[in-house]
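Here is how the chains run, residue by residue.
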Amino acid sequence: MWTAIDILVLWLVAQAAVTDLALRKIPNVLVLGGLALALVLQWLANPWLTALTHWFTGLLAGFFLLLPLYLLRGMAAGDVKLMAMVGAFLGPQAALHVALLTYLFGAPLALATLLWHGWRQGDGLATARRLGRNLWRLVQPWLGRLAGLPLAPLPREAIASVGGMPYGVAIALATAAVVAWPHR
């Protein structure tokens, strides 16, 4: 049976995906309203301490699961906040599943989006090369560290983006998959 939590989180992530596609941003009012709504719904469904714990641990799980991609400049802050809201609705375990599916759905969506924009603008091969260079520059310090090399003492220069991907779409798809799975 579908719950109010299921329906409302799906509605909110769908709205975030549409807004992210249209405006390339996820409004804070949507996320903050969703966080408040999640807290109220958790409180109505559970004893107050359980509700607060479920809401807060889900929020933290959602936030910290996507934070690394934000720190690597692979995702915008609105996407991380949206995932925190999803976690507040669904709890920490479901937030983990949504985050893993978001990574799984997001990688091919991001690649397809970047290549599509590059080919549409007539420089598809150049876009693919810049994407490869950017990925190499992101993983190179980690690979060096794994090989035992010291980290560079100076901050590295910023990497020029080859384009953006509305990651709200991947979060919405992942959330829909996790919410719908028990109802199959």
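This text goes with the structure placed above it.
Residues numbered from 1 in each chain as written. Predicted model: local features only at pLDDT ≥ 70, side-chain atom pairs only at ≥ 80, totals over all residues. Heavy atoms only, no water.

1. Regarding a nonpolar patch on the surface
Here's step 1: The grouping of L39, V40, W43, L44, W48, L49 and L52 at the surface amounts to a nonpolar patch, some 760 Å² of accessible area in total.
Here's step 2: Of all elements in the fold, only α2 (28-45) and α3 (48-71) reach the threshold of two or more residues within the nonpolar patch.
Here's step 3: Take the nonpolar patch: its biggest share by element is four residues, from α2.
Here's step 4: If you trace the backbone, W43 turns up in helix α2. (Patch = residues over 30% accessible without salt bridge, like charges linked within 9 Å, V, L, I, M, F, W, Y side chains within 5 Å. Areas by Shrake-Rupley, 256 points an atom, 1.4 Å probe, with all protein chains shown as cover. Salt bridge = Lys/Arg side-chain N within 4 Å of Asp/Glu carboxyl O. Helix = DSSP H or I, 4+ residues; strand = E, 2+ residues; numbered from the N terminus.)

2. Comments concerning the packing of helix α4 (residues 77-90) against helix α7 (residues 167-180)
Here's step 1: For the pair α4 and α7, the least separation of the axes is 10 Å and the interaxial angle reads 15°. In this view, α4 runs roughly parallel relative to α7, as classed from their interaxial angle. The two elements α4 and α7 cross, and the hand of that crossing is right-handed. Residue-level inspection shows D79, L82, M83, V86 and L90 of α4 in contact with α7, the latter providing Y167, G168, I171, T175 and V179.
Here's step 2: Across the contact of α4 with α7, the residue classes break down as seven nonpolar, two polar and one charged. (Axes fitted to C-alpha atoms, helices over the stretch in contact; angles between N-to-C directions. Parallel < 35°, antiparallel > 145°, perpendicular 65-115°, else oblique. Left-handed = near helix turned anticlockwise from the far one by under 90°. Contact = heavy atoms within 4.5 Å. Nonpolar A, V, L, I, M, F, W, Y, C, P; charged D, E, K, R; others polar.)

3. Structural notes on the packing of aromatic side chains
Here's step 1: Tallied over the entire structure, the rule returns one aromatic pair.
Here's step 2: Both rings, one in F63 and one in F64, keep their centres 5.1 Å apart while their planes meet at 85°; by these two values the pair is edge-to-face. (Phe/Tyr/Trp six-rings, centres within 6.5 Å; stacked < 30°, edge-to-face > 60°.)

Interpretation in functional terms is not warranted from these geometric data alone.
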